[in-house]
Every structure is written in structure tokens, then in C-alpha cells.
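One-letter residues, chain by chain:
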2 protein chains.
Amino acid sequence: MIKYKFIDGGVTSPLGFSAQGVCAGIKPSNKTKRDLALIYCEKPCAAAAVYTKNLVKSSTITVTKKHLQNGVAQAVIVNSGNANTCNADGIEIAQRMCEIAAETLGVKAEDVIVASTGVIGQPLPIEPVIKGAAMMKGKLSKDGGTNAAEAIMTTDTVKKEMAMQVELGGKTVTIGGIAKGSGMIHINMGTMLSFVTTDAAVSAEMLEEALREAVEDSYNMVSVDGDTSTNDTLAIMASGLAGNNEIREKNEDYRVFVGALTEAFKSLAKKLAADGEGATKLLICSVDGAKTKKDAVMVSKSIICSSLFKAAMYGADANWGRVLCAIGYSGADVDVSKVKVEFESPKGEILVCENGAGVEFSEEKAKEILLEKEITVAVSLNDGEGKAEAYGCDLTYDYVKINGDYRT
Amino acid sequence: MIKYKFIDGGVTSPLGFSAQGVCAGIKPSNKTKRDLALIYCEKPCAAAAVYTKNLVKSSTITVTKKHLQNGVAQAVIVNSGNANTCNADGIEIAQRMCEIAAETLGVKAEDVIVASTGVIGQPLPIEPVIKGAAMMKGKLSKDGGTNAAEAIMTTDTVKKEMAMQVELGGKTVTIGGIAKGSGMIHINMGTMLSFVTTDAAVSAEMLEEALREAVEDSYNMVSVDGDTSTNDTLAIMASGLAGNNEIREKNEDYRVFVGALTEAFKSLAKKLAADGEGATKLLICSVDGAKTKKDAVMVSKSIICSSLFKAAMYGADANWGRVLCAIGYSGADVDVSKVKVEFESPKGEILVCENGAGVEFSEEKAKEILLEKEITVAVSLNDGEGKAEAYGCDLTYDYVKINGDYRT
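Residues numbered from 1 in each chain as written. Chains lettered and ligands numbered in written order. Predicted model: local features only at pLDDT ≥ 70, side-chain atom pairs only at ≥ 80, totals over all residues. Heavy atoms only, no water.

Examining the packing of helix 8 (residues 307–314) of chain A against helix 11 (residues 397–404) of chain B
Following both chains from N to C, one finds helix 8 of chain A and helix 11 of chain B inclined at 70°, their axes separated by 8 Å at the closest point. The pairing of helix 8 of chain A with helix 11 of chain B is recorded here as roughly perpendicular in orientation. For the pair helix 8 of chain A and helix 11 of chain B, the contacting residues are Ser307, Leu308, Ala311, Ala312 and Tyr314 of chain A in the first and Tyr399, Val400, Asn403 and Gly404 of chain B in the second. Across the contact of helix 8 of chain A with helix 11 of chain B, the residue classes break down as 6 nonpolar, 3 polar and no charged. (Axes fitted to C-alpha atoms, helices over the stretch in contact; angles between N-to-C directions. Helix = DSSP H or I, 4+ residues; strand = E, 2+ residues; numbered from the N terminus. Parallel < 35°, antiparallel > 145°, perpendicular 65-115°, else oblique. Contact = heavy atoms within 4.5 Å. Nonpolar A, V, L, I, M, F, W, Y, C, P; charged D, E, K, R; others polar.)

Regarding the interface of chain A and chain B
The partner chain B presents 52 residues to the 52 residues of chain A that form the contact. Summed over both partners, the interface of chain A with chain B comes to about 4100 Å²; 59% of that surface belongs to carbon and sulfur atoms. Across the chain A-chain B interface, the total number found is 0 salt bridges. On inspection of chain A and its partner chain B, the count reaches 0 residue pairs in polar contact (both at pLDDT 80 or more). Those elements giving two or more residues to the side of chain A that touches chain B turn out to be helix 8, helix 9 (320–328), strand 13 (357–358), helix 10 (363–370) and helix 11 (397–404) of chain A. A breakdown of the residues in the side of chain A that touches chain B according to their chemical character gives 24 nonpolar, 17 polar and 11 charged. (Buried area = accessible area lost by both parts, 1.4 Å probe. Salt bridge = Lys/Arg side-chain N within 4 Å of Asp/Glu carboxyl O. Polar contact = N/O pair within 3.5 Å; in protein donor to acceptor, adjacent residues only side chain to side chain.)

Brief notes about the relation of the copies chain A and chain B
Overlaying chain A on chain B yields an RMSD of 0.0 Å, the required transformation being a rotation through 180° with an accompanying axial translation of 0.0 Å. What we have between these two chains is a two-fold relation. Proximity to the rotation axis, assessed at the C-alpha, singles out Tyr397 of chain A in chain A; its C-alpha lies 2.4 Å from the axis. The share of interface residues of chain A whose copies in chain B are also at the interface is 100%, consistent with both copies meeting through the same surface. (Least-squares fit on C-alpha atoms with pLDDT ≥ 70 in both.)

Regarding the sheet that holds strand 10 (residues 282–290) of chain B
Residue and element names in this part refer to chain B. Strand order in this open sheet of 6 strands is 13-12-11-14-10-15, and the pairing throughout is mixed. Bordering the open sheet on either side are strand 13 (357–358) and strand 15 (386–393), each of which pairs with just one other strand. As paired strands, strand 10 and strand 14 (residues 374–380) are joined by 7 bridges and run parallel to one another. Residue Cys285 lies in a different strand from strand 14, and its bridge partner there is Val377. The strands that helix 8 (residues 307–314) touches are strand 10, strand 11 (340–345), strand 14 and strand 15; relative to strand 10, the one it contacts most, it runs at about 125°. (Pairing = 2+ DSSP bridges.)

Details of the nonpolar core
Grouped together as the largest cluster of nonpolar side chains are 86 residues, with contacts concentrated most on Phe257, Ile303, Phe343 and Val379 of chain B. Counting residues per element, this core draws most heavily on helix 6 (residues 252–274) of chain B, which supplies 12 residues. For Val379 of chain B, the contacting residues outside a window of four places in its chain are Ser286, Val287, Asp288, Ile303, Val323, Ile327, Val339, Lys340 and Val341 of chain B. By size, the runner-up hydrophobic cluster in this structure holds 85 residues, among which are Val202, Leu283, Ala318 and Val377 of chain A. (Core = buried A, V, L, I, M, F, W, Y, C linked by side-chain atoms within 4.5 Å. Buried < 20%, exposed > 50% of the residue type's maximum accessible area, 1.4 Å probe, protein only.)

What about the side chain of Thr85 of chain A?
Examined against the element boundaries, Thr85 of chain A turns out to sit in the loop between strand 4 (72–82) and helix 2 (90–105). If sequence neighbours within four positions are ignored, Thr85 of chain A has contacts with Val56, Lys57, Ser58, Ile120, Gly121, Thr230 and Asn231 of chain A.

Some thoughts on the pattern of salt bridges
The tally for this structure, following the rule as stated, stands at 20 salt bridges over all chains. Measuring nitrogen to oxygen at the nearest pair gives 3.2 Å for the salt bridge that ties Glu99 of chain B to Arg96 of chain B. Of this pair, Glu99 of chain B and Arg96 of chain B both sit in helix 2 (residues 90–105), 3 residues apart, which is roughly one turn of that helix. For Glu99 of chain B, a relative accessible area of 34% gives the class partly exposed. A salt bridge links Asp383 of chain B to Lys338 of chain B; the shortest N-O distance between them is 3.0 Å. Here Asp383 of chain B, found in the loop between strand 14 and strand 15, pairs with Lys338 of chain B, found in the loop between helix 9 (320–328) and strand 11; they are 45 residues apart in sequence, far enough to count as distant. Through salt bridges with shared partners, a single ionic network connects Lys291, Asp333, Lys338 and Asp383 of chain A.

Let's talk about the sheet that holds strand 13 of chain A
Residues and elements named next belong to chain A. Pairing in this open sheet of 6 strands is mixed, and the strands run 13-12-11-14-10-15 from one edge to the other. Both outer strands of the open sheet, strand 13 and strand 15 (386–393), are each paired with one neighbouring strand and no more. In this structure, strand 11 (residues 340–345) lies alongside strand 14 (residues 374–380), joined through 5 bridges in antiparallel fashion. Among the inter-strand pairings, Glu344 is bridged to a residue of strand 14, identified as Thr376. Contacting strand 11, strand 12 (348–354), strand 13 and strand 14, helix 9 crosses the sheet at an angle of about 125° to strand 11. Against the sheet, helix 10 contacts strand 11, strand 12 and strand 14, and its axis sits at roughly 120° relative to strand 12.

A closer look at the packing of helix 7 (residues 293–305) of chain B against helix 9 of chain B
Residues and elements named next belong to chain B. At a closest axis distance of 8 Å, the pairing of helix 7 and helix 9 adopts a crossing angle of 130°. Taken together, the axes of helix 7 and helix 9 lie oblique to each other. The two elements helix 7 and helix 9 meet at a crossing, and its hand is right-handed. Together, Val299, Ser302 and Ile303 of helix 7 and Val323, Ala326 and Ile327 of helix 9 make up the contact between the two elements. (Left-handed = near helix turned anticlockwise from the far one by under 90°.)

Some thoughts on helix 1 (residues 59–67) of chain B
Here helix 1 of chain B has its buried residues at Ser59, Thr60, Ile61, Val63, Thr64 and His67 of chain B. Structurally, helix 1 of chain B contributes buried residues whose contacts are with strand 3 (36–51), strand 4 (72–82), helix 2, strand 5 (112–119) and strand 9 (233–238) of chain B.

Describing the environment of Thr292 of chain B
Residue and element names in this part refer to chain B. Mapped onto the elements of the fold, Thr292 is located in the loop between strand 10 and helix 7. Expressed as a C-alpha distance, the spacing of Thr292 and Asn244, which sit 48 residues apart in the sequence, is 36 Å. At a separation of 2.8 Å, a polar atom in the side chain of Thr292 contacts the side chain of Asp295.

Re unusual backbone geometry
Residue and element names in this part refer to chain A. One non-glycine residue, Cys86, lies in positive phi territory at about 60°. Here Cys86 lies in the loop between strand 4 and helix 2. The phi dihedral of Ala316 falls on the positive side, at around 50°, and the residue is not glycine. Its place among the elements puts Ala316 in the loop between helix 8 and helix 9.

Some points on the pairing of strand 9 of chain B
Side-chain direction in a regular strand flips from residue to residue, so the side chains alternate between the two faces of the sheet. All names here are of chain B. Counted residue by residue, strand 9 has 6 buried out of 6 residues, so it is predominantly covered. Where burial is concerned, the two faces of strand 9 agree: the one with Thr233, Ala235 and Met237 and the one with Leu234, Ile236 and Ala238 are both buried. As paired elements, strand 3 and strand 9 share 6 bridges and run antiparallel to each other. Residue pairing in the sheet places Ala46 in a bridge with Ala238 of strand 9.

Quick look at the confidence of the model for chain A
Interpreting fine coordinate detail is not advised for predicted regions of low pLDDT. Here chain A shows a mean pLDDT of 88. Residues at 70 or above account for 93%. At the level of chain-chain contacts, confidence expressed as ipTM amounts to 0.70, with global pTM at 0.75. (pLDDT = per-residue confidence, 0-100.)

A short note on the side chain of Glu161 of chain A
All names here are of chain A. Residue placement: Glu161 occurs in strand 6 (residues 160–168). Of the side chains bearing the opposite charge, Lys159 lies closest to the buried Glu161, which forms no salt bridge; the N-O distance is 4.9 Å. Within the structure, Glu161 has its side chain in polar contact with the side chain of Thr146 (distance 3.3 Å). Those residues in contact with Glu161, other than ones at most four positions away along the chain, are Gly9, Gly10, Gly145, Thr146, Ala149, Gly177, Ile178, Leu268 and Lys271. (Lys, Arg positive; Asp, Glu negative; His and termini not counted.)

Describing the packing of aromatic side chains
Pairs of aromatic rings are described using the distance from one ring centre to the other and the angle between the two planes. Residue and element names in this part refer to chain A. Following the criterion strictly, the structure yields 3 aromatic pairs over all chains and no others. With 5.7 Å between their ring centres and 85° between their planes, Tyr314 and Tyr397 make a pair best called edge-to-face. Here Tyr397 lies in helix 11 and Tyr314 lies in helix 8, a separation of 83 residues in the sequence. Take Tyr314: its relative accessible area is 27%, and that puts it in the partly exposed class. (Phe/Tyr/Trp six-rings, centres within 6.5 Å; stacked < 30°, edge-to-face > 60°.)

Structural data, given as C-alpha cells:
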């Protein structure tokens, strides 16, 4: 068991970090929302990132990858309102954004991570970025982390921040982060935008390893709508200011750090899922008893991605047949005749299917359970030791509304 | 070029076939809609079927597979309102249905194809089936085909029928069929319920080959919501009464037959897509210039399945960035910098993306094109000779409404 505790705070909670977010006027239709953020560390950090596996990639990813080749970063610049994807001048604009951040903060342009989120295929004008950066000059602070969390939002309805503390070799280490999600969210490597900071001392190489491990059971288990974005970027920066012995190999400290990071990511991942476009509920699908972990992952993702299951949860309808259906087409090696399904929420739990067939249950009780804001569908495959948990949300009228005319 | 023509008619158009459909009272919530159908041929037919690949399967599939082992069938019994899936007594009930059809029509129970569609996991009472079959005794006719088409509908809003004629070795051969679709529709072998008849003379072995070939470019290219049903069954019966030389090998007649069958299936597949749950539009995604046919299939399916693309089409929003996004995560081998995208409808066509980047276009003209009921998104990958066409529908409020509380 790794001992960690969540604390109030966000991306600026670890030692050395400050941030800010302003309204730079990037969003053509909304000139009142924050849309440009800077995150800064007082010293160069070990840094790593994972990105979308979509072949169509934002130019920001090309530039960030180049800048992180040496495993060092000191700042992040990120805008919402425009994805800087499929634009002829995309690379140039992304590089200009790094230069602007570098000038504003007095760091090297090569040590800047850049990211964008918003509409695909519309040129991103650089003037608002220049203006917004000027507004933030000298204004980055610990308190500014919340403004940064706001500035990366698109159709998100709530800002997503997280901070936790964990002990590493006798020193208290802090991990903080912000994330944005909403639509075009689907489990495949990076997923969405998230910037995580820590004051732990970790080598760049171990930081990248830790990032890749922690992302598997957290961000990679989230799906809102099955669409893998072109801009997904999850970046982490470690300042080392906590004073722990630097993690340079996969020792006990490394395992503790990965464990804490996984929980930190899960916390942000659940926030993303709960605030999926149009969502009224967080759905958690926990699977145990699978032949292998891989089978458990396939089953949990298949259920959490099923439009029919998601719509049933919106309607608080205990339609377990759709759960069975999604198990059946998941591609996992499953013995259908052993499957057990329960629905759980703060209002209690109810068994709806055992040995692959329906059992009698109270529709009234089921409705009461499913009307809650956080629902777990617990699936036992009774066929091995494999476990997984996936995160998603219900499918609602508002998802259609938001996406029926997103650009206008 | 295969010369075929569509004619008015349906499953009873080929020589030898008659059918009927009645309201047997199987649907608990609706006692006025037809829900039980019989299809009959005056002589035993060569027969074949393909089924869902979902591991969770209706008991009707188990029974039908057994009955088709010898490649012979003479009748079909099918109900809507209850899927007969995940029920402890499912096999027994499916067998009873075949016996009831056999007694009613004077055929062998082993020569009956059985299928069900509706809610999963609720026991199917046999009494309404007995009652419904008695109502149909002696009442099967050519005209009854339309009633049969109605009786297999669930949330379908229109009945789906098709008939075509094609010349085989100097003889006119007729192919007819009915289908039901709506939700839980996703490209993976069988897909939905469809019963196709023909008076062509074809051996059972060649009929199965032809069925498997024809399904690939038709039914297997349809997706409404990404959920592969537990009950998908596509069955075909060939009476041989057209008097053509029996097709026993892959000769010229076989190629003509497969070509006509593919077009017949496509016609029903498009009807399924256009009437997907909540749909207001038929979406066709045609892809050319792919490195291989497989790449073209992956790209077209990925686009047609994208919730974001589907919602944009509902909103008549020319959001081509979502098309690029879906191409990028399709898994196909694509050079993004060569991609061209156009939207087409009866109102004209409009180029929105070339060489992987946006081009200027009239939003007004795009809106006019996208407000039509049948939209084609034409994607040229400019990287080879592979082609494919996939069929789907838009994602609307009504999909959510229909599925938020389907069981009540």
C-alpha cells in the first residue's frame, strides 16, 4: 500500500512552480473566457510527455516532441479555442508560441512545452498569443494555477485540478496537475491535455518510465465518445526541489512514485470522465475474474464505450442485457455462462445477472441506485485473476447538442 | 457490369415463396403492432445464413445453425419484442418455435429457420407464438410479405423490403428480401435480421459462398451505433424455381449472382442505415485512393462510426476536422498530407480539405448541401487503388431518447 493523500491545490502546489491564465481573445466566438495559460518552474525540470496515437497530429506535438528530446523543460504555453491542427503554418505558429513564452519568462525556447486545443483546421493567429503573454508577464504565481486550469477548458463545464502528497525516502513530495477533456476523448495513449508537476527529484529517463506506467491504468482507461483526439498531450515536469534522493533506477522509491502518480492520474481521469460532453454521470466499470489483465481491460473498455449502455445509464435503466452484449463483442476471451453483473452507487448495490442469465430484481431499487451521479457497473467474469477499471460517462441529449454545431 | 433491376416487391417476389405477419401480443408494452412472421416456400430450398460474431448469442442462433447444417430450409419463423437471449430456457423456446412453425406449415421442424429481436434477458412466453401461428394458418400469401416485413420491426420507423431481377443463363431470376435494423447495429459479420429469398437454382454450398462474399461490401459496411447485436442473423433461401442451370461452381453465373446479391444487400443495408435509431439522414462515406482495400475499409468505417462526425452531420456542420481526426485514428496506413475531403448531396458538392489541410469554402453552400437527407463524404487518399463505401446515420437527440429507456 502506497501512502498518499490528496490536498487542496493544483499544478502550482509542488515547490518551484507558478502559473497564470488570461483571456487573450483566441476563441472567435467568445472573447470573455480565459484561453491562454503559462506554467513556469524557477529551475529547469526533468520532463517527459506522451501524445495521441492519432496519425493526424497537432503541430504543437511535433514541436513539443523536439523540445523534450533532451528530457528538460522549464515552462508550458497552452491555448484553447484553436487546435493548431491541419494548418499549413502550424509548426511555425507552435514555434512562435514557444519563443513568446521564452521571452516572457526568461527561459530558453527549447525548454518550452506547447499545446493547443479547440477547432481543427482553422489557422491560429499569433497576435492574441503575443497580447496574452504580455498580460501575464510578471504575474505568474501560486494562485494563478486555477486560472491556468480555466484557460485550457473548451466545452469542459468544470476546471480539473488535483494535488497530492506522498512520502519518498523520508521527504514529502507533492504532485499537482490540471487537465481538460470533454469531447473527442478516447483511450489511446496520451488522451486530452494534462500538465502535471512535481517537486520530486527524478531523472528524466525514470520520469518518462513512470509516466508511461502510470498512464496505463488511469488516462488510458477513459472514454467519453470513442474519438481519439489529434492533440492529446500529457506532460510532466519534476523540479526536484522536494530534496529526496533523485530516483535514477527502478528502486522502492520509483515504485512508490509510480503508485502515487497512478492515483494522481486516476483522480484527474475520473474528473475528465465525469465532465464528458453532455454528461450527467460518472460511469465506472470494474471488471474482475478475467483470464488475463488484457481481457479485463478489453471488457471494461467495451462496456464503457457502448452507446447503448451509456444511453441506458442516462435513463437510469438497469438494462443489463446491453452490458452482456458489450462483453460479448469486446474481443476478450470470456465464458459467458459465468458472468455476474451488479450495479452500485451510494444508494446501494443490486445483482442483475448471474451465470450469464438474468435474475429477478426490484426495478424500483435499481432505479434508485441508477439515479445517482456516480454509478459503478461491477462485472465478475469468474474465470481468473485479471482486473481492470474503466471510466466514462452517460450519453445525453446535450452531447448531441454540443457537437451538432460546435464550430459556431 | 452486371445487369439487374430493382422491382416493386419483397421477400415473396421470387417464385415459390409466401409469407405473413400478425400481432401475436409478444411485446409487453404494445399489443397492437405485428410481432410474429412466417415465411414459407412450397418446396425445400438450398439455404445458408451468417450470424453475429458476438460471444453472447441468442438461443435462436444456436437452433438455426443446427437446422442449417444440411443446407436445407423451407420456412422462417421470427418474432420481434423479445430477443430470446440470456434466458435459461432459450434453446427450448427456440425449438418450440420451430415446431410450431412446422405444424402450422406442414414442414419438418429441422427445416425451419428461427430468429428473434428485442429486449435481452427477459423470458419469451410461448403462448403468444402458438396463438399467432394459429392466426396465420392457411393465410400465407404473396401479399403477406409486407406484413412479415412489419412484424420484424422493433424501433424501426419504416419497413425494409427489396426485390430485384437479374438474368442468369438466359433465365430471369428474382431476389427478394426484408430486413430490420435500427439500434445495436455495427459491422461485424451478420448484422441485424434479414431474410432474403430467391428462385435461382444454386447449390447450398455455392449459396453460402455467395452469401459470405456479398455481405462484405454491404451489410458489413453498416454502423448505426457501434454496438454489435447478440441476435444478428442474415438468412437466404433459394427455391430454384426460376429454372436456371443450378450454380454448383464459381462460374460466370455465380459471379453474376454474387454481383446481384451484393447490390440487393446494399439496397437493404442503406435502408437500415437511413433508419438507424433517431436518424434524420443517411450518411455514405466513400473512400478511394487507399494503399489497399483493407485500408479503405478501415478509413470508411472509422469515419462512419465517429460520434463527433455523426453529430456534426446532424447539425449540418461542415466540420471536416472531425473527418481528418477519424482518418488519423482508423489504424489504416495513410499519408495525411495527401488527403482530400469533399461533401456531396443532391444540392451539389464542396471541397473542404486538400493535401491534409483546410481550403477556403462557402459555409453557406456547405450548409445547403448538408441539410439534405442523404450526404456523401468523399475521401480521396491519393495513395493507391483501394476503395470502399460505408453506410451510417447521424447521431441525434432521438437516439438518446429511444435508448435512454428502451425497456419500458
